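Working through the structure, step by step
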Amino acid sequence: MTAWDRLCPLPRVAPWNKGRRSRNWEQRRDDYAALPKTPLVITAELVTPVLHAERETTHLDSILSFAALTNHPVASDYDGAAVVPLPLELAWVSPQGLPLWACTPLMPASAGLVTREYWHKRYPSHRAEFGDRLNAVTSAGRWKEYRVPVHGHAIERLYALAIGHADEITALLTVVTHVGKKGSMGYGRVGRWTVTPSTHTLDDVLARRPVPVAYFAGRQPVGALALNRGWTAPYWYSPWWADCMMPA
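Everything in this summary refers to the structure shown in the same document. Numbering of residues begins from 1 in every chain and follows the order in which that chain's sequence is written. Residue-level local features of this predicted model are given only where pLDDT is at least 70; pairs of side-chain atoms are given and counted only at 80 or more, and the full residue set underlies all totals for whole chains, interfaces and linings. Hydrogens and water molecules were not included; the side-chain quantities draw on all heavy atoms of the structure.

**Comments concerning the packing of aromatic side chains**
Short version of the rule: Here a Phe, Tyr or Trp ring, Trp counted by its six-membered ring, pairs with any other such ring whose centre lies within 6.5 Å, and the pair is stacked when the planes are under 30 degrees apart, edge-to-face when over 60, and tilted otherwise. Note on classification: 1.4 Å probe, protein chains only; a residue is buried when its accessible area is under 20% of the maximum for its type, exposed when over 50%, partly exposed between these limits. For a lysine, the NZ atom is tested; for an arginine, the CZ atom; a charge sits over a ring if that atom is within 6 Å of the ring centre and within 35 degrees of the ring normal.
Taken as a whole and judged by the stated rule, the model has six aromatic pairs. Taken together, a centroid distance of 5.7 Å and an interplanar angle of 85° make the contact between Trp-236 and Tyr-237 edge-to-face. Its relative accessible area of 21% is what places Tyr-237 among the partly exposed residues. A network of ring pairs unites the aromatic residues Trp-92, Tyr-215, Phe-216 and Trp-231 as a single cluster. Above the ring of Tyr-118, the side-chain terminus of Arg-147 is found at 3.8 Å from the ring centroid. The residue whose ring lies beneath Arg-219 is Tyr-215, and the NZ or CZ to ring-centre distance is 4.2 Å.

What follows is the structure in structure tokens.
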């Protein structure tokens, strides 16, 4: 049994009566597993400030998972309890069948400028005529309006270290136009993605990303301990959280 065979269930696809394997995730998983993997630097050149998923970092494996779901030839039924195959080296599989991908988060290439941004939720008064009532309570309840301050990061480039297949990663990134939160509002607009060869090792990658403590069984831990946090996509899915070693 290979590490890929021990992964959690893959996303389900809509039924297809011709039964070709190219239409399901098992074929994509096997194709990705057979590809040669090399050290890469993945760079995003930004044209608008980014709102990071976590302060100063945005998870590359989450972005690639979104891209893989988007360009799959058949619509997939995806929830938090499914693993999306990626063209990255599989550094480790947890006892629960969860993958530790060989990639760091997207990290700032320079200090940049931290800004205070605001996003607003407002009642769509310009479409009120389509509702049951022309007036709505905007001070409480479903249509309450509010103003939320967020930390924006105005920076030219984000970069990540990875070990994977350059052509397949490049193909996935072509569908990613924004990174971070509130892309629909224009934040985190990517002007260009670049994928270039590098010489880093797997240890270099793992030293720059959250790694479950269980990975270090029989090894010397690297980083600082953080309790109960996300380490694999989707990072918001709390049942998969674990105690992790974080970059110093």
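**Brief notes about the sheet that holds strand S11 (residues 211-212)**
For the record, the criterion: In this scheme, strands are said to pair when DSSP sees at least two bridges between them. Labels follow the DSSP assignment, with helices taken as runs of H or I lasting at least four residues and strands as runs of E lasting at least two, numbered in each case from the N terminus.
Ordered in space as S11-S13-S12, the three strands form an open sheet in which the pairing is antiparallel. Among the strands making up the open sheet, the edge pair consists of S11 and strand S12 (224-229). As judged from the two bridges shared by S11 and strand S13 (residues 242-246), these two strands associate in the antiparallel manner. Paired with Pro-212 across the strands is Cys-244, a residue of S13.

**Points about the pattern of salt bridges**
This is how the line gets drawn: Any Lys or Arg side-chain nitrogen found within 4 Å of a carboxyl oxygen on Asp or Glu counts as a salt bridge.
Counted according to the given criterion, the structure contains four salt bridges. Among the salt bridges present, the one from Arg-192 reaches Glu-45, with a minimum N-O distance of 2.8 Å. Here Glu-45 lies in strand S2 (residues 38-46) and Arg-192 lies in strand S10 (residues 190-197), a separation of 147 residues in the sequence.

**Focus on the nonpolar core**
The nonpolar side chains of a soluble globular protein tend to be buried, and buried together. Heads up, the rule is: For this analysis, a nonpolar core means a set of buried residues of the types Ala, Val, Leu, Ile, Met, Phe, Trp, Tyr and Cys, connected via side-chain atoms within 4.5 Å. Contacts are residue-level and defined by heavy atoms, with any inter-residue pair within 4.5 Å sufficient.
Counting 49 residues, the largest nonpolar core has Leu-46, Leu-64, Leu-88, Leu-100, Leu-173, Val-179 and Trp-193 as its most contacted members. Per-element tally for this core: the top contributor is helix H2 (residues 60-70), with five residues. Those residues in contact with Leu-100 that sit more than four places away from it in its chain are Glu-89, Leu-90, Ala-91, Trp-92, Leu-206, Arg-209, Pro-210, Val-211, Pro-212, Tyr-215 and Trp-231. Within the second largest apolar cluster, five residues are counted, among which are Val-41, Ala-102, Ile-163 and Val-205.

**Looking at the sheet that holds strand S9 (residues 157-164)**
Quick reminder of the rule: Axis definition: a line fitted to C-alpha atoms, limited for helices to the stretch in contact. Angles are taken between N-to-C directions and run from 0 to 180 degrees.
If you walk across this open sheet you meet the four strands as S6-S9-S2-S10, and the pairing is antiparallel. The sheet is open, and its two borders are formed by strand S6 (107-108) and S10, each paired with just one other strand. Here S2 runs beside S9; their pairing, made up of eight bridges, is antiparallel. Its bridge partner being in S9, Thr-43 is matched across the sheet by Tyr-159. The sheet strands contacting helix H3 (residues 166-173) are S2, S9 and S10, and the helix crosses S10 at an angle near 175°.

**Some words on the environment of Val-213**
Within the element layout of this structure, Val-213 appears in the loop between S11 and S12. Residue class for Val-213 comes out partly exposed when judged on its relative accessible area of 36%. In sequence terms Val-213 and Ala-226 are 13 residues apart; their C-alpha atoms lie 9.4 Å from each other. Leaving out residues up to four positions away in the same chain, Val-213 has contacts with Leu-225, Asp-243, Cys-244 and Met-245.

**A short note on unusual backbone geometry**
Across the junction of Ala-233 and Pro-234, the peptide omega takes the value -5°, indicating a cis bond. Within the fold, Pro-234 resides in the loop between S12 and S13. A positive phi angle, close to 55°, is found at Lys-182, a residue other than glycine. Mapped onto the fold, Lys-182 is located in the loop between H3 and S10. Owing to a relative accessible area of 30%, Lys-182 belongs among the partly exposed residues under this scheme. The phi angle at Asn-228 is positive, at roughly 50°, despite the residue not being glycine. Within the secondary structure layout, Asn-228 lies in strand S12.

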